[in-house]
Amino acid sequence: MSRKRTRKTLLEISSQPELWIFSNLLVEDWVTSIDLEKPVFEKKVTIPISLPSGTAIFKIESDGPKGKVISVAIVHGSEIQLFQLTELSHFPEFRKIVLKYVNEIYPNNFDFYSYLRSFYTPKMREFGISETLGPDVSVKDLAEYGVKSRVLQRFSDPIQGYEVPQYWRANQRLVSIISSNKQKREIITKLRIKICDHLAKHAIIEGLRCAVIALKHYADLLDGLTSETRINPPEEHQTLADGLYELGEFQNAAIFYSKCLSQSTFTDEKNRDLILSSLKDSIERLEPQDFLEYALFAAKIARNHGEE
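Summarised in this report is the structure supplied together with it. (Residues numbered from 1 in each chain as written. Predicted model: local features only at pLDDT ≥ 70, side-chain atom pairs only at ≥ 80, totals over all residues. Heavy atoms only, no water.)

## A word on the packing of helix 11 (residues 250-262) against helix 12 (residues 269-284)
Going by this rule: A fitted line through C-alpha atoms represents every axis, and for helices the fit uses only the stretch in contact; the resulting angles, taken between N-to-C directions, go from 0 to 180 degrees. The helix count covers DSSP runs of H or I at least four residues long, the strand count covers runs of E at least two residues long, and both are numbered beginning at the N terminus. If you view the pair so one helix is near and one far, a crossing is left-handed when the near helix is turned anticlockwise from the far one by less than a right angle, and right-handed when it is turned clockwise. Residue contacts are counted whenever heavy atoms from the two residues lie within 4.5 Å of one another. Think of it as three bins: nonpolar holds Ala, Val, Leu, Ile, Met, Phe, Trp, Tyr, Cys and Pro, charged holds Asp, Glu, Lys and Arg, and polar takes everything else, Gly as well.
Across the interface, helix 11 lies against helix 12 with an axial gap of 9 Å and an inter-helix angle of 145°. With respect to the hand of their crossing, helix 11 and helix 12 are arranged in left-handed fashion. Along its contact with helix 11, which presents Phe250, Ala253, Ala254, Tyr257, Ser258, Cys260 and Leu261, the element helix 12 presents Arg272, Ile275, Leu276, Ser278, Leu279, Ser282 and Ile283. Of the residues belonging to the contact of helix 11 with helix 12, the class tally is 10 nonpolar, three polar and one charged.

## Focus: the side chain of Ser278
Here is the rule we go by: Per-residue accessibility, obtained with a 1.4 Å probe over protein chains only, is compared with the maximum for each type, and a residue is labelled buried under 20%, exposed over 50%, and partly exposed between these values.
Within the fold, Ser278 resides in helix 12. On the accessibility criterion, Ser278 (17% relative accessible area) is buried. Other than its neighbours up to four places away in sequence, Ser278 contacts Tyr245 and Tyr257.

## Thoughts on the environment of Ala56
Here Ala56 is to be found in strand 2 (residues 55-62). Taking relative accessible area as the criterion, Ala56 reaches 0% and is therefore assigned buried. Linking Ala56 and Phe112, residues 56 residues apart in sequence, is a C-alpha distance of 5.0 Å. The residues contacting Ala56, other than those within four sequence positions of it, are Val75, His76, Ile105, Asn109, Asp111, Phe112 and Tyr113.

## Focus: helix 12
It helps to recall that an α-helix has 3.6 residues per turn; residues three or four apart then point in one direction. Stated formally: Multiplying 1.5 Å by the residue count of a helix minus one yields the expected span of that helix. The directions considered for the arc run from the helix axis to the C-beta atoms.
Given a rise of 1.5 Å per residue, 16 residues ought to cover 22 Å, and the 23 Å separating the end C-alpha atoms of helix 12 matches this to within 8%. For helix 12, every residue scored as buried is listed here: Asn271, Ile275, Ser278, Leu279 and Ser282. Projected down its long axis, helix 12 shows its buried positions confined to an angular sector of 100°, all on one face. Exposed residues pointing more than 90 degrees away from the buried face of helix 12 are listed as Lys270, Lys280 and Glu284.

## Concerning the nonpolar core
Our working definition: The nonpolar core is taken to be a set of buried Ala, Val, Leu, Ile, Met, Phe, Trp, Tyr and Cys residues, with the residues joined through side-chain atoms within 4.5 Å.
Trp30, Ile47, Ile57, Leu142 and Leu208 are the most contacted members of the largest nonpolar core, which totals 33 residues. Listing elements by their share of this core, those giving two or more residues are strand 1 (40-46), strand 3 (69-76), strand 4 (79-85) and helix 8 (182-223). No other element matches helix 8, which puts 12 residues into this core. Of all hydrophobic cores here, the second largest spans 31 residues; its members include Ile74, Phe127, Leu174 and Ile195.

## A look at the layout of surface pockets
Rules: In this analysis the probe radius is 1.4 Å and the grid spacing 1 Å, with only protein atoms considered; a cavity is a set of points the probe fits into but cannot get out of, a pocket is an open set with protein on both sides within 12 Å along at least five of seven lines, and lining residues have an atom within 4 Å of a point. Grid points are joined across faces, edges and corners, and a volume is the space filled by probe spheres set on the points.
Each pocket or cavity is described by its volume, and for the largest pocket that value is around 460 Å³. Lining the largest pocket are 23 residues, with Glu61, Lys148, Gly161, Tyr162 and Glu206 positioned closest to its centre. Among the elements that make up the lining of the largest pocket, the one with the highest residue count is strand 2 (four residues). Classifying every residue of the lining of the largest pocket gives 10 nonpolar, seven polar and six charged.

Right, dumping it as structure tokens:
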């Protein structure tokens with residue numbers, strides 16, 4: 001007999017209050033003028049969910065499908081480590097820092113994921129992540145397990161995915177402006193802080209979206225390994241009932257025979273008749289008080305069966 005699934009959907013998981021508490025982090029200012037002087041803006045964020053040990057997710061943002069990688073968010077455990085490029089001239093140092101980190105976590109992570117294979121495969125190969133992981137390591141596609149755009153829809157994402165190239169190119173244009181005017185330089189810095197801050201927060205949210213899908217995927221895998229799917233309840237209940245019957249424990253035997261009948265379609269009519277006969281005999285041997293208690297249990301069994 002099939003049972004109602006109680007596994008939470010992606011939208012239910014993404015609506016957990018802990019995630020909304022986490023969203024308060026997005027209100028804070030992350031990037032400063034000092035960060036713009038560095039080749040990479042790095043941010044480590046603790047998230048309110050945790051991936052299984054031995055798992056890492058890569059979420060890559062680029063300057064369009066054919067452009068360079070401009071940020072890499074890596075999720076493992078309950079953390080997201082972000083590397084955000086601040087300007088294109090720093091790309092070699094940015095790449096070096098990211099690959100160093102990937103090499104550090106590699107021995108501790110054996111399941112790797114990203115989202116949308118047609119995009120991330122060439123990007124990871126061009127950037128050097130695929131080479132760092134090695135030829136025997138496959139990166140699974142989270143798009144096979146869920147739709148990222150449907151996760152955390154109510155989060156305050158400062159920009160949309162399609163806007164990333166637009167923001168990045170605006171940042172690059174501001175980098176190229178050379179001015180001796182102090183006021184203009186302050187405006188440029190202020191605008192770049194805002195742009196890089198938005199890009200960084202978007203990358204973190206994208207990493208979290210992927211983590212929610214991965215967590216749902218692992219939860220579904222666990223569903224397939226639970227004792228409920230491996231054990232045949234009617235068979236287990238019949239074994240218990242037969243043993244209790246032989247021991248003269250007729251009330252408990254009757255209860256387990258009733259459970260067995262409620263959970264099985266019985267293609268074997270002969271076995272069904274045997275169970276019915278044993279149940280009838282068990283009931284006939286009960287004292288009035290014992291029969292009343294059995295009847296209450298049987299009513300609960302019938303009600304639960306009806307709700308499935």
